[in-house]
Amino acid sequence: MTTRRIHWTRLGQAGAMIGLPGALLAACGEQPPAASPTKAPEAVKGEPAKPVAAAPTAVPAPAAASSGTPKPGGTLKIALYQEPGNLNPYLNVQTAGSVVRNTIFGGMVRPNEKGEYVPDLAKEVPTTKNGLVSADGKTITYKLRQDVKWHDGKPFTAKDVKFTFDVIMDAANPVTSRSGYRDIESFTIKDDYTFEVRFKAFFAPFVSLFGAILPSHPFEGKTAIEKSDFNRKPIGTGPYKFVEWPSGDHITVAKNQDFYVKGKPYLDQVIFRITPSREVGIAQLKTGEVDVVWNLIEAQIPDFDGDKEIDVWAKPGLGVERLVLNFSAPTGDKAGDPTTRHPVLSDPKVREAIELGINKKLIVDKLLYGKTTVGSSPLSTGWAAPAIPASEFSPDKARKLLDDAGWKAGPDGTRVKDGVKASLTYQTTSGDRLRELAQQVIQEMLKEVGIALEIKNIPSASLLGTWADGSPRAKGTFDINMWTTNPGIDPHFHLFNYFHSSQIPTEANKGEGQNYSRLKDETVDKSLDEAGSTPDLDKRKAAYERAVKAVSASRAHIFLYNRLDVDGARKYVMGRTHNPWDNLAWDLENWWINK
Amino acid sequence: MALVGMVILLILASVSILATWISPYSPIKTSLVEMLDRPSTAHPMGTDELGRDLFTRILHGGRVSLAVGFLAVALAVSIGSTVGAVAGFYGGWVDNVLMRLVDFMIALPSIFVLILLATIYGTNPVTLVLVIGGLRWMGTARQVRGAFLSLREREFVEAARCLGASPSRIILRHLLPNAIGPIIVASTLGISGAILTESSLSYLGLGIQPPMASWGNMLRNAQDQMVRAPWTAVFPGLMIFLTVIAVNSIGDGLRDALDPRKVEER
Amino acid sequence: MTRYLARRIAQAVPLLLLMTLFVFVLLRATPGGPLSMYEADPTVTGEDLARLRAQMGLDQPVPLQYLQWLGAMLSGDWGWSLVTKRPVTVMILERLPNTLVLMSVTFAVTLAIAIPIAIVSAVRQYSWFDHVATTIAFAGNSLPTFWIGLMLIMIFAVGLHWLPAGGMYTLGEPYSLGDRLKYLILPVTTLAIFDATHYIRYLRSSLLDVIRQDYIRVAYAKGLDGTTVLRRHALRNAAIPLVTVIAIDLPQLFSGALITETIFAWPGMGRLFWEASGRVDYPVLMGIFTVASTLVIASNLLADVAYAWLDPRIRYR
């Protein structure tokens with residue numbers, strides 16, 4: 001599918017930008033009052049960020065790039081396996097789009113490779129300490145850089161930010177998300193380079209709002225922009241200017257001579273080559289038609305074994321591949337209703353046996369060529385990631401557990417209890433090779449302990465569909481699903497949306513929430529409520545640890561392996577730093593070609 | 001040529017049917033320690049990306065690929081002959097309606113519809129047969145109708161009608177046998193098309209789903225390790241190649257045999 | 001003839017309408033929908049989804065949606081893509097030329113290969129050339145196109161570095177015909193291998209039929225030399241069925257390009273369809289279906305007309 005290969009997990013990288021309250025960051029020191037935990041916190045429009053800040057704290061040169069002084073000039077070609085729908089940051093969710101947009105647009109602040117926010121178009125990150133966040137945390141003031149110009153030479157001012165806000169809130173625009181923005185009570189322009197935002201209630205991830213700013217002058221103030229040419233020929237403040245986009249073929253951006261960081265970017269031109277699949281991108285990297293291939297999968301790493309001209313950039317990302325188990329009845333009138341019980345999976349012993357029966361290490365070693373680590377927690381990295389030991393692999397224990405729980409082996413080897421067969425459907429996105437392989441291995445491992453899995457893959461558009469579309473995970477009409485998701489910069493939204501009992505999709509809440517497992521666990525609920533109500537980072541961390549431990553023990557999700565961010569590049573591509581919180585192009589102004 | 005094809009096809013079909021008895025290995029049991037082993041005496045065609053014996057999977061995959069090919073065509077021929085027979089026999093408005101249906105089906109851009117249907121109705125062997133068969137019957141329908149239109153005015157049909165034979169009897173006993181030649185030829189050639197279609201759908205990720213093997217999905221899976229393990233690509237490709245060649249040569253042979261004009265040339 | 005044409009075209013219109021209805025229903029029956037692309041973004045809440053649903057008109061009853069689409073289409077507005085927010089007509093018109101280039105070059109190459117081989121094969125039936133040619137023709141028709149394409153990439157692009165693996169032209173270099181041709185070689189070869197074998201078999205057998213006819217024997221008897229007979233009589237008559245087949249096949253070429261375009265990163269209609277189907281971008285899909293079906297119907301009509309034109313014995317009412 002092949003765009004069928006829309007790799008939804010990596011789409012989740014947009015989620016990498018989920019707001020982290022600036023003040024929560026050690027680097028910022030200050031701690032404003034926390035969000036009200038009573039309601040589902042809304043993650044914020046994750047518009048991946050923009051050109052690096054002029055901040056002196058900006059990206060240190062990585063070791064790999066230190067082979068000489070950066071040489072300006074040259075054209076870099078990057079293969080993208082999906083074509084962006086458009087380049088308007090607020091009208092598109094695909095990560096391929098955000099890779100390109102990262103080079104064109106700038107925003108207020110952005111996360112660096114350590115997960116700390118650094119200023120971009122703002123002069124500094126607002127905190128209570130520097131007085132830019134009011135004591136009640138509801139009023140945020142931004143001071144803007146005064147040396148920034150749009151690609152067409154017009155000056156960048158607070159008017160543009162206000163315009164961006166108006167675009168997002170214009171009822172005519174099908175913007176992907178208004179989270180956060182809809183909680184803004186007032187937007188006041190103080191002067192050309194200062195504006196103030198007042199929230200109705202404290203909104204913790206405020207810092208991630210205004211992640212990309214649109215210019216007001218090309219629109220002459222008209223905020224209904226859905227059908228504007230701009231969406232395809234954008235003007236930004238970023239290090240590269242849009243040049244051309246022959247549909248289906250490539251997108252070219254060229255050096256912004258007026259970029260506010262003097263001397264950058266180094267490259268004259270970047271061409272994003274659109275390929276129908278990763279495989280095609282790999283072939284083109286090998287022939288030298290492109291210099292970089294964006295977003296490979298772990299199993300493709302050995303394709304480059306012994307290739308002296310190509311580097312594989314593989315670093316731990318934020319995604320965790322997991323099994324999602326349904327606790328509620330998957331069929332019948334009340335399917336997915338949290339008051340019902342799954343005939344097999346509601347038994348905790350069965351869930352435990354499933355985890356005991358899966359040899360995660362073998363999967364990592366063989367299918368992922370030992371390039372990553374086994375999963376044990378939804379938070380694989382970051383400040384809140386607790387240390388959860390890897391699960392044990394012991395088919396014997398699993399069998400004993402099931403025997404003791406009354407699940408006795410039937411004639412075909414599949415266990416039966418009270419006439420219910422331990423036979424489950426197992427779904428993931430069809431056409432995903434790595435998942436298909438892992439699936440077949442897991443199917444067999446569980447057969448060994450007497451649990452039968454039937455693989456029934458469906459296209460990602462169906463598997464990941466919405467409540468209204470009748471997607472199985474939203475409706476609760478599945479047994480086991482497999483996919484990757486990614487907690488983003490602030491783990492709260494991810495943990496809350498996926499595991500808090502208030503987030504179970506039901507008729508009543510029109511399917512809002514992502515607690516697809518229908519997990520109802522008091523410890524999880526209490527810990528997450530507590531974490532959401534305190535600004536104290538240590539308390540939050542402890543609360544998350546309790547929640548994550550309870551989640552792991554519940555096996556609502558069984559974490560298989562931690563995903564890597566994998567990209568391939570010709571050896572002469574220099575200057576790149578991996579940033580798990582953002583996509584490949586986040587620091588493209590630092591890249592240079594050494595040949 | 002046709003005879004050679006027949007022999008090849010019979011061999012392929014019988015080893016596929018007897019797969020379970022021929023190979024000691026399981027087609028789905030994985031063995032990660034033996035991933036991508038080269039062909040050896042233990043594994044004459046090597047192993048695949050999950051350490052499964054490729055030869056075994058080729059045999060089992062043959063069942064699926066051949067079954068999908070044959071059944072899809074069987075379905076297409078049944079629909080096509082029925083529609084064509086009814087249209088040609090009754091003529092008039094029945095013919096008109098059915099032929100508009102044929103026009104309609106022909107106007108559908110088949111690969112696009114195929115992709116949509118495979119997306120909606122899933123990709124197990126049964127739906128694949130229904131989808132592929134359901135989109136390939138129009139040629140047969142036209143052929144049968146044409147034959148019937150000319151046959152139904154002939155004396156022996158008139159005679160049967162006068163003797164009070166029922167329409168179904170006339171169709172089945174008198175008309176169909178006389179129109180069967182071209183149907184057989186076209187359907188034989190259709191089998192190769194159906195097998196190739198299944199493999200193309202596999203390439204797009206819409207073919208038979210794992211762990212079940214088909215030559216098409218084996219070929220597609222091989223794509224990922226073509227350089228490291230060329231044998232995973234060569235053997236399924238060879239199987240498709242052999243089958244299609246065999247089926248086509250049988251089809252050509254039948255055409256020659258059934259075409260009275262060609263007899264003198266032999 | 002004019003009346004015949006008018007009648008056929010009049011028949012085609014309801015056919016097209018029915019087709020669009022059928023496809024529309026099919027598309028809207030697809031599980032998951034255009035909104036599934038938003039599910040992956042954790043910042044998109046239920047409230048956002050409900051709003052987007054209404055903004056895209058997906059909350060309306062399907063029959064109404066169809067009528068709205070139809071009404072707009074008849075007035076020339078083919079709708080806007082749900083993903084790119086651009087007019088469907090613009091998107092199709094951007095891709096159509098690329099597919100047409102690929103198709104027409106393939107077509108020319110196919111015929112340039114097929115016709116001479118078929119002629120020699122037929123004239124020298126059962127010669128070694130005939131045997132070799134028919135065997136190759138058999139083989140070329142026996143492998144999936146995607147497989148041929150992948151093999152060509154492995155050998156000529158990745159292995160030997162002779163040719164590019166995909167795309168239409170070298171990025172960042174000015175236009176040159178040579179460069180364009182270089183990028184055409186592999187996809188065209190992939191398609192032509194498959195198509196040429198088909199035509200070789202077809203033309204050879206219809207030539208054989210014609211050569212055996214009495215008037216050809218008469219022509220020889222008159223003392224005309226072989227080439228003249230072939231050119232003036234045999235080829236002309238053998239071309240009749242071939243032209244029909246070609247006309248009917250034209251839309252096949254169009255859809256056959258889907259896989260080839262996918263393998264060789266060729267930005268044509270096939271890929272547009274493939275991408276749009278992954279995102280359930282149904283205005284785009286409807287547009288492509290309409291264009292493709294019109295092509296099929298037109299080709300069928302063309303086949304009949306060509307037949308009548310080439311064969312004076314046929315009269316259309």
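1. Structural notes on the overall build of chain B
Scanning chain B from N- to C-terminus turns up 11 helices and 0 strands. Of the regular secondary structure in chain B, the N- to C-terminal order runs α-α-α-α-α-α-α-α-α-α-α. Taken along the three principal axes of its C-alpha coordinates, chain B extends 75 × 45 × 30 Å. When contacts within chain B are restricted to residue pairs at least 6 apart in sequence, long-range pairs at least 24 apart make up 70% of them.

2. Structural notes on the packing of helix 5 (residues 88-123) of chain C against helix 8 (residues 177-211) of chain C
Here helix 5 of chain C crosses helix 8 of chain C at 35°, and the two axes come no closer than 6 Å. The way helix 5 of chain C lies across helix 8 of chain C gives a crossing that is right-handed.

3. Concerning the sheet that holds strand 14 (residues 420-421) of chain A
Residue and element names in this part refer to chain A. Spatially, 3 strands are ordered 12-13-14 in an open sheet, and the strand pairing comes out antiparallel. In this open sheet, the two strands that pair with only one neighbour each are strand 12 (408-409) and strand 14. The pairing of strand 12 with strand 13 (residues 415-417) spans 2 bridges and is classified as antiparallel. Bridged to K408 within strand 13 is V416.

4. Digging into the pairing of strand 9 (residues 269-274) of chain A
All names here are of chain A. The buried fraction of strand 9 amounts to 5 of the 6 residues, a majority that puts the element mostly inside the structure. In this structure, strand 1 (residues 75-80) lies alongside strand 9, joined through 6 bridges in parallel fashion. Its bridge partner being in strand 9, L76 is matched across the sheet by V270. Two strands pair when backbone bridges link them, and strand 8 (residues 250-255) and strand 9 are joined in this way by 5 bridges, in the antiparallel orientation. The residue of strand 9 that forms the bridge with H250 is R273.

5. Regarding the pairing of strand 7 (residues 240-244) of chain A
All names here are of chain A. By the bridge criterion, 4 bridges tie strand 7 to strand 8 in an arrangement that is antiparallel. Of the residues in strand 8, the one forming a bridge with F242 is V253. Counting the residues in the hairpin turn of strand 7 and strand 8 gives 5 residues, including G248, whose phi is positive at 80°.

6. Regarding the sheet that holds strand 15 (residues 423-427) of chain A
Residues and elements named next belong to chain A. The 10 strands lie next to each other as 7-8-9-1-10-18-11-17-15-16, forming an open sheet whose pairing is mixed. Strands with a single pairing partner mark the edges of an open sheet, and in this sheet they are strand 7 and strand 16 (452-455). Averaged over all neighbouring strand pairs, the angle between strand axes comes to 25°, with direction disregarded. Contacts from helix 8 (residues 433-449) reach strand 15, strand 16, strand 17 (480-485) and strand 18 (557-570) within the one sheet, and its direction differs from that of strand 16 by about 155°.

7. Re the nonpolar core
Within the largest apolar cluster, 289 residues are counted, with the highest numbers of intra-cluster contacts made by A547 of chain A together with I288 of chain C. The element best represented in this core is helix 3 (residues 54-90) of chain B, accounting for 16 residues. Among all residues touching A547 of chain A, those that are not within four sequence positions of it are L495, F499, V524, S527, L528 and A531 of chain A. Core analysis: the second largest hydrophobic core is formed by 7 residues, V93 of chain A together with M37, L49 and L52 of chain C among them.

8. Here we look at helix 1 (residues 2-29) of chain C
Over its 28 residues, helix 1 of chain C extends 41 Å from the first C-alpha to the last, a length consistent with the 40 Å expected when each residue adds 1.5 Å. All of the buried residues in helix 1 of chain C are A12, M19, V23, F24 and L27 of chain C.

9. Quick notes on the interface of chain B and chain A
On the side of chain A, 19 residues touch chain B, which itself brings 15 residues to the contact. Among the residues forming the side of chain B that touches chain A, the class breakdown is 6 nonpolar, 5 polar and 4 charged.

10. Overview of the confidence of the model for chain C
All names here are of chain C. Counting all residues, the mean pLDDT for chain C is 81, and 92% of those residues have values of 70 or more. Across chain C, element-level confidence peaks in helix 5 with a mean pLDDT of 88 and bottoms out in helix 2 (residues 36-39) with 69. For this predicted complex, the interface confidence comes out at an ipTM of 0.79, alongside a pTM of 0.80.

11. With respect to the packing of helix 11 (residues 491-499) of chain A against helix 13 (residues 537-554) of chain A
Residue and element names in this part refer to chain A. Relative orientation of the contacting elements helix 11 and helix 13 amounts to 35°, with a least axis distance of 12 Å. Seen from above, helix 11 lies across helix 13 with left-handed handedness. Across the interface between the two elements, P491, L495 and F499 of helix 11 pack against Y544, A547 and V551 of helix 13. Across the contact of helix 11 with helix 13, the residue classes break down as 6 nonpolar, no polar and no charged.

12. Points about the environment of T194 of chain A
In this fold, T194 of chain A is placed in strand 6 (residues 194-199). Note: C-alpha distance between T194 of chain A and V125 of chain A (69 residues apart in sequence) is 13 Å.

13. A look at unusual backbone geometry
Most peptide bonds are trans, and most residues other than glycine sit at a negative phi. Here the bond from K264 of chain A into P265 of chain A is cis, since omega is 0°, no more than 30 degrees from zero. Mapped onto the elements of the fold, P265 of chain A is located in the loop between strand 8 and strand 9. Its identity is not glycine, yet F210 of chain A carries a phi of approximately 55°, on the positive side. Tracing the backbone shows F210 of chain A in the loop between strand 6 and strand 7. According to the C-beta neighbour criterion, F210 of chain A is buried, with 26 such atoms within 10 Å. Positive phi, normally seen in glycine, also occurs at H161 of chain C, with a value near 60°.

Definitions and limits used
Residues numbered from 1 in each chain as written. Chains lettered and ligands numbered in written order. Predicted model: local features only at pLDDT ≥ 70, side-chain atom pairs only at ≥ 80, totals over all residues. Helix = DSSP H or I, 4+ residues; strand = E, 2+ residues; numbered from the N terminus. Contact = placed C-beta atoms within 7 Å. Axes fitted to C-alpha atoms, helices over the stretch in contact; angles between N-to-C directions. Left-handed = near helix turned anticlockwise from the far one by under 90°. Pairing = 2+ DSSP bridges. Buried ≥ 20, exposed ≤ 12 C-beta atoms within 10 Å, placed from the backbone. Core = buried A, V, L, I, M, F, W, Y, C linked by C-beta atoms within 7 Å. Expected span 1.5 Å × (residues − 1). Nonpolar A, V, L, I, M, F, W, Y, C, P; charged D, E, K, R; others polar. pLDDT = per-residue confidence, 0-100.

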